[in-house]
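Below are the chains, spelled out letter by letter.
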Amino acid sequence: MSGHGTPIPMTARKSPPLRGVAEVPGDKSISHRALIFGAMAVGETRITGLLEGQDVLDTAAAMRAFGAEVVQHGPGDWSVFGVGVGGFAEPDRVIDCGNSGTGARLIMGAMATCPITVTFTGDASLTKRPMGRVTDPLALFGTRAVGRAGGRLPMTLVGAADPVPVRYTVPMPSAQVKSAVLLAGLNAPGQTVVVEREPTRDHTERMLRGFGAELTVEDTPEGRVITLTGQPELRPLDVAVPRDPSSAAFPVCAALMVPDSDILVPGVSQNPTRNGIYLTLVDMGADIAFENPREEGGEPVADLRVRFGPLKGVTVPPERAASMIDEYPVLAALAATAQGTTVMRGVKELRVKESDRIDAMARGLEACGVRIEETEDSLTVHGMASVPGGATVASHLDHRIAMAFVCLGLVAEKPIRVDDASPIATSFPLFEGLMTGLGAQVARDNG
Ligand code: S3P
């Protein structure tokens, strides 16, 4: 759970060159999935490199509540003893997904075709986010949902006792919705088909195959057609979680902002459904070497050597949005320091993340003296030779907003204060130590 504690204000100041090795934590998307799929397999799934952020810990607690045994052996080293597809027990408590949309939506899918009733809740951010995008397709399986107006948590789902398979075209680019439908399809007889018009992160498809599910993917004029054969016996898998490209983007962009920086970020996933930020940084003229490309845990990874250099503003191709959807906050911060204008279009999904990220970045950048323009589905940032800073910005319970402004504070003329950095613990618990280890001047206000 997050967002229930005392706010942690954090201030970032103009810093010397960043130097050193930045070992970022395990991938959040893969960590959630490893726990959930492990809980749906029969036997022991061993996970190494698990992200021990609060979002993932909340998912681990949820899996225990459904009857799986989840054990931590050491840092990042976990086992899940699963109960099998359709084997979830009815939890005797409310499932609190904290700050995590991924946790809530994937777990809803996983329980939707089990004959159990489950109540979900979350923190002040998650209870504002739309769940109808998941409960609408789950209703096609026979799942019933009763929640607050607008499909908000808290919400109770009554799983389908006699589920039917489904064919569903996902109306928005969302890996969470795609994954929820596929997870529900696991315990439905016959074939469940999900069509996505725009490709989104494909960890669910990759990992379901790894766990032994029969799943095919076909590129058609209609989009990516994913066909899953229901009621497999999932077999346990050893999952080595690669480092998170979304978390890596923070030290990478910080090094591109702070003059004379030179850092190494090893073992970062370069999955093509996740690497849009790195393509964009290269378009901006960033000096990034993708060294030692290899495969780890079924994902392509590389060591990123990042050196400071002048960047130019770009127009990000809208079709790239899904592959870098979580990186727009830090890109917007970086764009404030580039020469010229950066235009980000086709990004209205940012409005329903942990916060309304277009609004949060726009207001925060304005407070720091940066010129922006915003529409319902775009954000434009005008770069400047020197960002004034000298403001307190609101993180809105959003880890990525908090980290983006910490990065910008490292080059602003006057310090930037983030009103509450506590949400950073949801995805990147060691962020502050990692950044100060590189030389960043970051400190909690009272600690
Ligand atoms: C995620 C999918 C994305 C992303 C989120 C993680 C996932 O959300 O923003 O941080 O693990 O499936 P949407 O599916 O809502 O786009």
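Looking up the chain in an unreviewed UniProt entry gives the name 3-phosphoshikimate 1-carboxyvinyltransferase, with the organism given as Roseicitreum antarcticum.

Engineer: I'd like to hear about the overall build of the chain, residue by residue, with values.
Structural biologist: The helix and strand tally for the chain stands at 12 helices and 24 strands. The C-alpha radius of gyration of the chain comes to 21 Å, within 12% of the 22 Å expected for a compact globule of 447 residues. The principal-axis extents of the C-alpha atoms in the chain amount to approximately 60 × 50 × 45 Å. Across the 447 residues that make up the chain, the buried fraction comes to 60%. Excluding contacts between residues fewer than 6 apart, the proportion of contacts in the chain whose partners are at least 24 apart in sequence is 76%. Side-chain charges in the chain split into 41 positive and 52 negative, and the spacing between the mean points of these groups amounts to 3 Å.

Engineer: Please provide a residue-by-residue account of the pairing of strand β4 (residues 69-74), values included.
Structural biologist: Bridge count for β4 against strand β5 (residues 77-83) is five bridges, and the pairing is antiparallel. Each bridged residue has a counterpart across the sheet, and for G74 the counterpart in β5 is D77. In this antiparallel pair of consecutive strands, β4 and β5, the connection spans two residues, and G76 shows a positive phi of 75°.

Engineer: How would you explain the sheet that holds strand β11 (residues 191-196) if you had to name every residue and give the values?
Structural biologist: Spatially, the four strands line up as an open sheet ordered β10-β11-β13-β12, and their pairing is mixed. This sheet does not close on itself; its edge strands, each paired only once, are β10 (167-170) and β12 (215-220). Here the strands of the sheet are splayed against their neighbours by 20° on average, with no regard to which way each runs. Looking at chain direction, β10 and β11 are connected through four bridges and run parallel. Across the sheet, the residue bridging to T169 is V195, located in β11. Strand contacts of helix α6 (residues 203-210): β11, β12 and β13 (223-229), with the helix running at about 145° to β12, the strand carrying the most contacts.

Engineer: An account of the sheet that holds strand β19 (residues 341-345) is needed here, citing residue identities and associated values.
Structural biologist: Spatial ordering of the open sheet is given by β18-β19-β21-β20, a layout of four strands whose pairing is mixed. Of all the strands in the sheet, the pair left with one neighbour each is β18 (315-316) and β20 (371-375).

Engineer: Which residues make up the site of the ligand, and what values do they have?
Structural biologist: Around the ligand, the neighbouring residues are S29, R33, T102, P173, S174, A175, Q176, R201, I325, D326 and K353. The contact in question runs from an oxygen atom of the ligand to an N or O atom on the backbone of A175, over 2.9 Å. Bound to the protein, the ligand loses 95% of the 390 Å² it would expose on its own. Of all elements in the fold, only α1 (28-40) and α5 (175-186) reach the threshold of two or more residues within the shell around the ligand. For the shell around the ligand, a count of residues per class yields three nonpolar, four polar and four charged. The two domains that each donate at least three residues to the shell around the ligand are domain 1 (10-26 + 242-444) and domain 2 (28-164 + 174-189).

Reading the values: rules and limits
- Residues numbered from 1 in each chain as written.
- Predicted model: local features only at pLDDT ≥ 70, side-chain atom pairs only at ≥ 80, totals over all residues.
- Heavy atoms only, no water.
- Helix = DSSP H or I, 4+ residues; strand = E, 2+ residues; numbered from the N terminus.
- Rg over C-alpha atoms; globule rule 2.2 N^0.38 Å.
- Buried < 20%, exposed > 50% of the residue type's maximum accessible area, 1.4 Å probe, protein only.
- Contact = heavy atoms within 4.5 Å.
- Lys, Arg positive; Asp, Glu negative; His and termini not counted.
- Charge placed at Lys NZ, Arg CZ, Asp CG, Glu CD.
- Pairing = 2+ DSSP bridges.
- Axes fitted to C-alpha atoms, helices over the stretch in contact; angles between N-to-C directions.
- Near = heavy atom within 4 Å.
- Polar contact = N/O pair within 3.5 Å; in protein donor to acceptor, adjacent residues only side chain to side chain.
- Areas by Shrake-Rupley, 256 points an atom, 1.4 Å probe, with all protein chains shown as cover.
- Nonpolar A, V, L, I, M, F, W, Y, C, P; charged D, E, K, R; others polar.
- Domains from an automatic or database assignment.

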